Amino acid sequence: MDVQEGIVRLLDSFVELEAELEAELEAELEARRIQYSYFTDALFAFDDEVVTPAVDWVTMGDLGRFIRGRRFNKRDFVESGIPAIHYGEIYTHYGTSADTVISHVSAELASKLRFAEPGDVVLTDVGETVDDVGKAVAWLGKEPVAIHDHCYAFRHSLNPRFVAHYMRTTKYRRDKAKHVARTKVKTLLIDRLSQVEIPVPP
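For clarity, every value in this text was computed on a predicted model and none was experimentally measured.

(A) Quick look at the overall build of the protein chain. Scanning the protein chain from N- to C-terminus turns up six helices and 15 strands. In terms of overall dimensions, the protein chain is more spread out than a globule: its C-alpha atoms have a radius of gyration of 21 Å, far above the 17 Å expected for 202 residues. Counting only C-alpha atoms, the protein chain reaches 75 × 55 × 35 Å along its principal axes. Taken across its 202 residues, the protein chain has 38% of its residues classed as buried. Restricting to contacts in the protein chain with at least 6 residues of sequence separation, those with at least 24 account for 76%.

Below, the structure is given as structure tokens:
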């Protein structure tokens, strides 16, 4: 029993240390998220009294166009083939930009698919919450990537990472929220989203 108690005490101390470290890391991660949000909003504010020359605000529809993906299923995934982005992966895997994919679909599907080109921003059109809808990733890969039909490629002439970061600002999320159908599954109304403005620095 003494040996068992000793083992338990030692392992319990590791569990406690792990819990403390996890709490500290979570607090640090949350602080960094708040910091990122603050600076993202500040950098994209483009206050006309501060910025010279003034920044133009242009609608997404005037800046580019939205291309909807085509359906493929997870059973279509293969080890190697056509690079593909499934809409669910944008929530779980990708950050603001990506140059590689985690999924591929069969080359036989090529004629049935639609693709995002390098430099496009790929965004989702559905989500569980209004804030989830429209999450975006700039595609920086060297070749086109197949996109799911719950994704749109926003094709434009701006810096794709600039656009993807702007799509995380409080202002953009607030503007986007006005164009989300609030049914059981939240859906982005893409025609109305094209009226949302983006800053275009000189």
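What follows picks up the thread again.
(B) Just a nonpolar patch on the surface, in detail. A cluster of nonpolar side chains, namely Val3, Ile7, Leu10, Leu11, Phe14 and Leu17, defines an oily patch on the protein surface of about 630 Å² accessible area. You can see Leu11 is positioned in helix α1 (residues 2-43).

(C) Structural detail: the nonpolar core. Grouped together as the largest cluster of nonpolar side chains are 28 residues, with contacts concentrated most on Met60, Phe66, Leu123, Phe154, Met167, Leu193 and Ile198. Those elements that provide at least two residues to this core are α2 (60-63), β8 (121-124), β10 (136-139), β12 (151-155), α4 (160-166), α5 (170-177), α6 (190-193) and β15 (197-200). For this core, the leading source of residues is α4, giving three residues. When residues no more than four places from it in sequence are discounted, the contact partners of Ile198 are Asp56, Trp57, Val58, Met60, Leu63, Phe154, Leu158, Val163 and Tyr166. Within the second largest apolar cluster, 14 residues are counted, among which are Tyr94, Ala116, Val122 and Val145.

(D) Local environment of the environment of Lys112. Residue position: Lys112 is located in the loop between β6 (103-105) and β7 (115-116). Given a relative accessible area of 55%, Lys112 falls into the exposed group. Separated by 50 residues in the primary sequence, Lys112 and Asp62 have C-alpha atoms spaced 28 Å apart.

(E) Examining the side chain of Thr169 more closely. If you trace the backbone, Thr169 turns up in the loop between α4 and α5. Take Thr169: its relative accessible area is 2%, and that puts it in the buried class. Within the structure, Thr169 has its side chain in polar contact with the backbone oxygen of Tyr166 (distance 2.8 Å). Within polar-contact distance, the side chain of Thr169 engages the backbone nitrogen of Tyr172 at 3.1 Å. Residue contacts for Thr169: discarding those within four places in its chain leaves Thr40, Asp41 and Phe44.

(F) Molecular detail of the pairing of β12. Taking burial as the measure, the five residues of β12 include four buried ones, the bulk of the element. In terms of strand pairing, strand β2 (residues 65-68) meets β12 through four bridges, oriented antiparallel. The residue bridging Phe66 from the neighbouring strand is Phe154, located in β12. When β8 meets β12, the two strands line up antiparallel, connected through four bridges. Across the sheet, the residue bridging to Leu123 is Tyr152, located in β12.

(G) A look at the packing of aromatic side chains. According to the stated counting rule, one finds 10 aromatic pairs in the structure shown. When the ring of Phe72 is compared with that of Phe77, the centres are 6.1 Å apart and the planes differ by 50°; the resulting orientation is tilted. Overall, Phe72 belongs to the buried group, its relative accessible area being 1%. The structure contains a cluster of three or more aromatic residues connected by ring pairs, namely Phe44, Phe46, Trp57, Phe162, Tyr166 and Tyr172.

(H) Examining the sheet that holds strand β11 (residues 145-147) more closely. Pairing in this open sheet of five strands is mixed, and the strands run β3-β6-β4-β11-β7 from one edge to the other. One side of each edge strand has no neighbouring strand; the edge strands of this open sheet are β3 (77-78) and β7. Of the pairings in the sheet, the one linking strand β4 (residues 82-85) to β6 comprises three bridges and is antiparallel in character. Its bridge partner being in β6, Ile82 is matched across the sheet by Val105.

So, how was this worked out
Residues numbered from 1 in each chain as written. Predicted model: local features only at pLDDT ≥ 70, side-chain atom pairs only at ≥ 80, totals over all residues. Heavy atoms only, no water. Helix = DSSP H or I, 4+ residues; strand = E, 2+ residues; numbered from the N terminus. Rg over C-alpha atoms; globule rule 2.2 N^0.38 Å. Buried < 20%, exposed > 50% of the residue type's maximum accessible area, 1.4 Å probe, protein only. Contact = heavy atoms within 4.5 Å. Patch = residues over 30% accessible without salt bridge, like charges linked within 9 Å, V, L, I, M, F, W, Y side chains within 5 Å. Areas by Shrake-Rupley, 256 points an atom, 1.4 Å probe, with all protein chains shown as cover. Salt bridge = Lys/Arg side-chain N within 4 Å of Asp/Glu carboxyl O. Core = buried A, V, L, I, M, F, W, Y, C linked by side-chain atoms within 4.5 Å. Polar contact = N/O pair within 3.5 Å; in protein donor to acceptor, adjacent residues only side chain to side chain. Pairing = 2+ DSSP bridges. Phe/Tyr/Trp six-rings, centres within 6.5 Å; stacked < 30°, edge-to-face > 60°.

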